[in-house]
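Listed here are the chains, written in short residue letters.
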Amino acid sequence: MADQYQILVVDDDLSIVSILETALNQAGYCVLTAYDGETACRVAQTRRPHLIIMDVMMPQCNGILATMRIRQQSNVPILMLSAKAEGSDRVLGLEAGADDYLVKPFYQQELLARVKALLRRYDTLGSIRETQSDDRIQIGDAVLDTSKKQLIVRGDPVRLTATEYKLLLVLMSNPGRVFTAEELYERVWESDAYAVENTVMVHISRIREKLELNPRKPEYLKVVWGIGYVFEAP
């Protein structure tokens, strides 16, 4: 049921917050609100929402800085909103730790679909509910523990977002298979893939920073130029 989820809406435009709050309430979600990045960080820490919708352009602590600060403490899904459609802005938001990105103006149904997909992924992967399983996928010194939804690299646990975990689950479950960016997007984000190369690339880059000894010369998660990505033993 949707009403089990708390969603934090962050935007300095009161009218947008009101519109989103109404739409989310009508869809059955419990909505928390904040009008600046500083407040968003406090609410995220004290109320622990299940998802955050974060505007980029806000005074003082903007959405990028707030996302980076929240990511230091939490793997909560973050859907970033921006009035800018340029690829560089999308990459900046994703590099800060956002899971998905939506450009204003947007259709209400598209936003609700993104919210539903992010919550389903977060829930299914055990970040909200713990699931029990003895499955472990090991490739070299990298172990994906599917009972704890955790990556262990060279004996040390690594914190992953739900999106990063799902990407690794797809890739490590199929070692040696090359996936295009479109294939990965459709499997992980659960929506049609259109101009998704930057989105996938940024998440792959974030995983490499956590996985590889030298992210510039990856041993495990590699690019097959002109085709896609592959996970293989070093």
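Residues numbered from 1 in each chain as written. Predicted model: local features only at pLDDT ≥ 70, side-chain atom pairs only at ≥ 80, totals over all residues. Heavy atoms only, no water.

### Topic: helix α3 (residues 63–71)
Inference 1: Of all the residues in α3, the buried ones are Gly63, Ile64, Ala66, Thr67, Ile70 and Arg71. The arc that holds every buried residue of α3, seen down its axis, measures 165 degrees, which confines them to one face.
Inference 2: N-capping of α3 is provided by Asn62, with a side-chain oxygen placed 3.0 Å from the backbone N of Ile64. (Buried < 20%, exposed > 50% of the residue type's maximum accessible area, 1.4 Å probe, protein only. Helix = DSSP H or I, 4+ residues; strand = E, 2+ residues; numbered from the N terminus. Arc of directions from axis to C-beta. Polar contact = N/O pair within 3.5 Å; in protein donor to acceptor, adjacent residues only side chain to side chain.)

### Considerations on the layout of surface pockets
Here the idea is plain: a probe the size of a water molecule rolls over the atoms and shows the empty space left.
Inference 1: In this structure, the largest pocket occupies an estimated 370 Å³ of space.
Inference 2: Met201, Arg208, Val223, Trp225 and Tyr229 are the residues nearest the centre of the largest pocket, which is lined by 17 residues in total.
Inference 3: Mapped by element, the contributors of at least two residues to the lining of the largest pocket are α7 (181–188), α8 (197–211), β10 (221–224) and β11 (228–231).
Inference 4: Counting residues per element, the lining of the largest pocket draws most heavily on α8, at six residues. (1 Å grid on protein atoms, 1.4 Å probe; cavity = no way out; pocket = protein on both sides within 12 Å on 5 of 7 lines; lining within 4 Å. Points joined across faces, edges and corners; volume = space filled by probe spheres on them.)

### Here's the deal with the pattern of salt bridges
Inference 1: Evaluated as defined, the whole model comprises 11 salt bridges.
Inference 2: Taking the shortest distance from any N to any O, the salt bridge between Asp11 and Lys104 comes out at 3.0 Å. One end of the pair, Asp11, is in the loop between β1 (6–10) and α1 (14–26); the other, Lys104, is in the loop between β5 (100–103) and α5 (108–124), with 93 residues separating them in the sequence.
Inference 3: Given the relative accessible area of 19%, Lys104 is considered buried.
Inference 4: Of the charged contacts, one joins Lys210 and Glu164 as a salt bridge, the two residues approaching to 2.6 Å between their closest N and O atoms. Highlighted residues: Lys210 in helix α8 and Glu164 in helix α6 (residues 162–172), separated in sequence by 46 residues.
Inference 5: Here the salt bridges share partners, and the residues they tie into one network are Asp11, Asp55 and Lys104. (Salt bridge = Lys/Arg side-chain N within 4 Å of Asp/Glu carboxyl O.)

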